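Coordinates in review
Okay, here's what each chain looks like letter by letter:
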Amino acid sequence: MESWFSVLDAAAVKLAGQVVIAGIGRSVQVHSIQEKKLLRKREVLCRHKVRDISLNKENTVLVYGGKELTVFQFKSDGGDVDITDVRMWKANDWIVYSKWLECGEIATLSAHNVVNVWNSYGAEKLEVKCLEQSILYSGYLAGDRSDDLICFAGTVYGQIVVWSVNSKNPCEPREALFHLRGHKGAVFSIRYDPISSLICSTSDDRSVRWWHKSAPTFEETDVVQKSLCESWSVGHVRQVSVAYGHLSRVWRCFIGPSLTFTVGEDSQLCVWKNVAVEGGLTDVEFPLIARKQILRGGSIWDVDFHDDQVALGLEDGGVRLWPLNSLLSQASMSSYSPFGSDDPSRRVCLIGKRLKPIVLTKSGSVLITRECNNYISEWKHACEKRYLGLCLLESNLSKELVAITSSDGSLDILSDTEDSFSEKSGDLKYIASVKLNVDYILSLHWLADDLILTCRSKGQLQLWHLAEGDGSKALREVATWTLPHAKQCWTTAAAWIPYKEPPGLVICGNRSGDLLVYSKDNSNPIEIKRHLHGQMGVTSLLVFWTNHDRHWMPTYHETYVQKQSADGHLPDVEVYSTGRDGIVNTFVPWKGALKFKGTDKLGFEWAARFLVLNKNVLVFGFKGACAVIWGIRERCVLLEKNCGGGHRSWDIDLISHGEETTSLLLAMIKNGELVTVDWKVSSGTLGDSVLQDGLHSREINSVSCFTWPESHSRVVAIAITGSEDTTAKVSRVSYGGDESPFSVLSTLHGHLSSVRAVSILPLVSSLSQNVHDSYCQTHSTDVAANTEESIFEFLIFTAGGRAQLKAWKLSFDQTESSSSTSHEQCRVEEKFSLMLDNKKQDTKNYENNLETRFMDIQSFYPREMNLEKSCGVCVAVVAACSDGLLRIFGYTESPDKADGKQPYLGLWSLGIPHPQASKRHCLFKVLLTRACGRTIVMTTDCIGYYHLWDVTAEVDSLSVNCDPLGKKSIHVEERKPIFPFFSKLSHQFSINAIDWKQLSGESKEDPPWVLIASGGEDGAISLDLLEVSEAVSGRCEGAVRASWKLERAAATQIAGVKFVGNNHLVTVSKCQEVVLWRWCYNGGNSSLHASRVHSCYSTIPDIEDIDVINAKDGVLVVVCGCGLEIVRIDADELMQQA
């Protein structure tokens, strides 16, 4: 047994030239800054997680954590990284700080305020103690020689003890030089900058404090000769500043001569400007000059700064890198009113490669600006004043043309005659015009550089092609459509996808938050996705071609006139939509329709427009008076700057100045004036800052795996994880290749509270009949190994706090050449969300507690299930609930999407362990099996019982009565509660883990046996062999044939139990021990026994759940808690005897 892969918090990061070294769990990972990929991974510690990393001038790396230290040689040559000469040893106490000294020596500071000096091979050379043996949470050692060190010891009591280490009398304990008091909680980090003589400390009290060491009073000629210890033996240290920029505990700090960086539990990075301290000042303000929210929940554990790069280690296991100028970038803002208040500006757009603002005024004048020396120096009156009233102004995607609608219903196309690379100003020139015979055009959208969509009154849509004529251009109508009737009947956003015959697919968003898809032969939409966004409607649509760095779209002329790019399948296209509700939805065009891929919740509500830079999709929006840019992949705010707010019309775009710098230009109309805001930022600011993706920012409560078909040799399984961070994630587990063994494919958002349980089920239309029968009989997640390559659709159920249950559909593209599963192939669509309601979901006899939680769930197909697609989908979901009830839900989905019938998830039946409510206890776990042709559910509770339920009648009636018609067919007014047919007290306290395995009886006539393994909070493991038979009443009954129990199987509670192979069992406990057991049954004397075979320790603290994956060469045990780890058990180990 050995650890194969782990995802833990990145507790340490270190910048080393063109790479970042990250300490994650017991391993170090080397990431390339330029290529943004993992170059090397190596496990360097045995039992403890990496706490910090130190690097000397010879590129020798020191890694420490717990009581362990490891030294290795680090060599980076281009894209190759070598880790050689690894040496590891163990200290006598926990290490809070360690660093390199001169001559290859290493100094460590232990948790009991003791400094040890070692050589690089682990031999101890010196030990010096302090008289004050306080418990330390942090520390720092200043100096480079073993006989001249200053120790800063951060105690659990909030004070910092400063003492010296020198060569005089090393056996005598040292007295403290200074006591720095001020913190109200434990000190978590200390750093000292010798240039500015500033000490920075952070604490449990949310404060950041700066201390200053006064200069010694030696003669100037004598200062150089004094040692560090002698310099600190005189003078005094005083607190010069205290700041509260964080909302929670502050974990780490980094201080340089001019800047201080702090990170903490609130997921924020704060940058402070150091201030020169003179005289005896004690109340100096260190200004907070930048603040960035990196995660939504979860800590930032470490920060490092070097060569204008800031590296961050995150609690979710992610590693981020930010250029310093991206954090400190300033905007230049200017405003101008050409005619003053007499003729205020009304609309604005940007045109040309230099993004010059074009303004439409109230009087109908169209004005174009000329750029000179980075400010607006001249306005030119470019058109006649005929654009009065409700006129629209929009520039095309390449910023070469402008479309203007007039008050008489005309649509005019204008171009800028200025050479983009000269300083000469030109006029706007008419290119084409068309009269629509309406009073006003309500909306106008450029779909491509030669394709325009207009919306007239009563929702009349017209598609126009700017076609080439005899030496000129003309607007030609391509198609007309009609919007569905609505109170506000116009489009708010639009996009175009070249697809088959002209004009392809046109996607529109309206004020109701709907997406409507139009094609050639239908005047009405061929597809409507209703209420995807809030009441303010869809604000922006983006068709993103993944093989292009920027926002690119083929022209209509290239697609359908020259016939260069029209196709029936567009694998490199994604469609994004957003609105004023702060939601981003992602779709994939497939066979003339939009398939839902995923959704994400932004950190602000007003998401206004999509931008694309370096193949990275960005969302621009407004948050109060600030302009905000959100990174889709980074899932955080990349840029947030004040723009004043209060605008009426605006436009924004990007200008690249080489590879390193990008300008973000925002033009807006505010109080009748044109206001331009220009941010000069590093290209890395708006690019990909992710060196490594994280998993969950908080504890993982559950994991469920589904084994992938054997034909996909590198993909082993799909894993679903649910977390306290209110999300569930779909991940891929794979062997070999250049890809990571574990990578996140999609994130499921929408839960109001923690996700306690997850369940994955292959979609019925993807199963062959024999596999479906097998799945219904055993509910094994390993049957996919016998399935065909066409299994690519799953149902996912997630449940947790607030009694919330959600159904999702997971899909993968069925490509023959695909041997792995990527972000582009994975699509997740939320099908239904349910929250228990007293009036609708339960009878008044069993009212819901408002604090009810779903503790565990299992999904399965009813036994009598018609497999044909025309019959739709019917799935049963059993849930163990915190109020002591077993709930059975039914999920239905219509096979015909055009019938308008929505999927539905509703309560079908209730199970009650005890008639008296006072004697019902929280149910922890739920499992499903079939025996004697019956459907049996097992649950565990918090007082040590497990219960067996016969739910055959309820599930069969669900499959018969529950057709995909909606809630009327699934809602039952009177439900007869069911009760367990067998209960047993197996543990002293709660049963946290349980699994079972079906066995055949001693003879063919005997009823089937069920072997039940359980682990409890008492640290015991219990095995029970049950004989399950059908009683005369038609229900099942159970009898115990043999039992075995080991009281002290683990030092703490058992968190997971799983059967593996034919006669083995895997358990994992809160003490992080993973144990492989071999069980055996002797039928002669009816005895049951289990014994240990192998064990290892996991790096995951607070383990909550496990699952197993059957691979070709053994078994993978997936362990989750505060992180995730995969432990591999080889097939040879499963063949060994105890």
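All values derive from a computational prediction rather than experimental measurement. The written sequence of each chain sets the order in which its residues are numbered from 1. Residue-level local features of this predicted model are given only where pLDDT is at least 70; pairs of side-chain atoms are given and counted only at 80 or more, and the full residue set underlies all totals for whole chains, interfaces and linings. The basis for every side-chain value is the complete set of heavy atoms in the structure, and neither hydrogens nor water enter the calculation.

**Topic: the pairing of strand β66 (residues 854-860)**
Relative accessible area decides the class of each residue, using a 1.4 Å probe on protein chains only: under 20% of the type maximum gives buried, over 50% gives exposed, and in between gives partly exposed. Under the DSSP-based scheme used, a helix requires at least four consecutive residues in state H or I and a strand at least two consecutive residues in state E, with every element numbered from the N terminus. A large share of β66 lies buried, amounting to seven of its seven residues. In this description, strands pair whenever DSSP reports at least two bridges between them. Here β66 runs beside strand β67 (residues 873-881); their pairing, made up of six bridges, is antiparallel. When the sheet's bridge partners are listed, S859 is paired in β67 with V877.

**Details of the nonpolar core**
Here, nonpolar core means buried Ala, Val, Leu, Ile, Met, Phe, Trp, Tyr and Cys residues that are tied together by side-chain atoms lying within 4.5 Å of each other. Residues F152, W163, I199 and W232 are the most contacted members of the largest nonpolar core, which totals 45 residues. If you look at the next biggest cluster of nonpolar residues, it comprises 39 residues, including F261, V271, F305 and L327.

**Let's talk about the pattern of salt bridges**
By definition, a salt bridge exists where a carboxyl oxygen of Asp or Glu is found within 4 Å of a side-chain nitrogen of Lys or Arg. With the rule as written, the count across this model stands at 35 salt bridges. Residue K49 pairs with D9 through a salt bridge whose shortest N-O separation is 3.4 Å. Note that K49 is positioned in the loop between β5 (38-43) and β6 (52-55) and D9 in the loop between β1 (2-7) and β2 (10-16), a separation of 40 residues in sequence. Since its relative accessible area comes to 31%, K49 is described here as partly exposed.

**Structural notes on the sheet that holds strand β7 (residues 60-65)**
Within a sheet, adjacent strands bond to each other through the backbone by hydrogen bonds, running parallel or antiparallel. A sheet is described by the order of its strands in space; here four strands give the open sequence β6-β7-β8-β9, paired in antiparallel fashion. One side of each edge strand has no neighbouring strand; the edge strands of this open sheet are β6 and β9 (80-90). Taken over all neighbouring pairs, the strand axes of this sheet differ in orientation by 25° on average, direction set aside. Only the stretch in contact is used when a helix axis is fitted, and all axes are lines through C-alpha atoms; the angle between N-to-C directions ranges over 0 to 180 degrees.

**Quick look at the confidence of the model for the protein chain**
Parts of the prediction with low pLDDT should not have their coordinates interpreted in detail. How sure the predictor is of each residue is captured by pLDDT, a score from 0 to 100. When the pLDDT values of the protein chain are averaged, the result is 82; 83% of them are 70 or greater. Residues are treated as being in contact if the distance between any of their heavy atoms lies within 4.5 Å. For the stretch residues 219-223, pLDDT sits under 50, and the model shows one contact to residues farther than four places along the chain or on other chains. Across residues 964-973, where pLDDT falls below 50, the model places 24 contacts with residues more than four positions away in sequence or in other chains.

**Some thoughts on the environment of F889**
Here F889 shows up in strand β68 (residues 886-893). Looking at F889, the relative accessible area reads 0%, which means it is buried. Separated by twelve residues in the primary sequence, F889 and V877 place their C-alpha atoms 5.0 Å from one another.

**Points about the side chain of S649**
Along the chain, the position of S649 falls in strand β54 (residues 649-657). On the accessibility criterion, S649 (8% relative accessible area) is buried. Within the structure, the side chain of S649 is placed 3.3 Å from the backbone nitrogen of V348, a separation counted as a polar contact. Excluding its chain neighbours within four sequence positions, the residues that come into contact with S649 are R346, R347, V348, A667, M668 and I669. Here a polar contact is recorded for every N or O atom pair within 3.5 Å, except that within protein the pair must consist of a potential hydrogen donor and a potential acceptor, and residues adjacent in sequence are included only if both atoms are side-chain atoms.

**Description of the packing of aromatic side chains**
Here a pair means two rings of Phe, Tyr or Trp (six-membered ring of Trp) with centres within 6.5 Å. Their orientation is stacked below 30 degrees between planes, edge-to-face above 60, and tilted elsewhere. Inspection of every chain in the model, using the stated rule, returns 33 aromatic pairs. Ring plane angle 70° and centroid distance 5.5 Å describe the contact between W210 and W272, whose orientation is recorded as edge-to-face. Taken together, the residues span a long stretch of sequence, with W210 in strand β20 (residues 208-213) and W272 in strand β24 (residues 268-273) at a distance of 62 residues. W272 matches W210 in its accessibility class, with the two residues each being buried. Ring geometry for F706 versus F794: centroids 5.0 Å apart, planes at 70°, classification edge-to-face. Of this pair, F706 sits in strand β58 (residues 700-707) while F794 is found in strand β63 (residues 793-800), placing the two residues 88 residues apart along the sequence. Judged by relative accessible area, F794 falls into the buried class, the value being 0%. Put simply, the rings of Y97, Y140, F152, F178, Y192 and W232 touch in pairs and so form one group of aromatic residues. Throughout this description, the term charge over a ring refers to an Arg CZ or Lys NZ atom that lies within 6 Å of the ring centre and within 35 degrees of the ring normal. The lysine or arginine in question, K213, covers the ring of W232, its NZ or CZ lying 5.4 Å from the ring centre.

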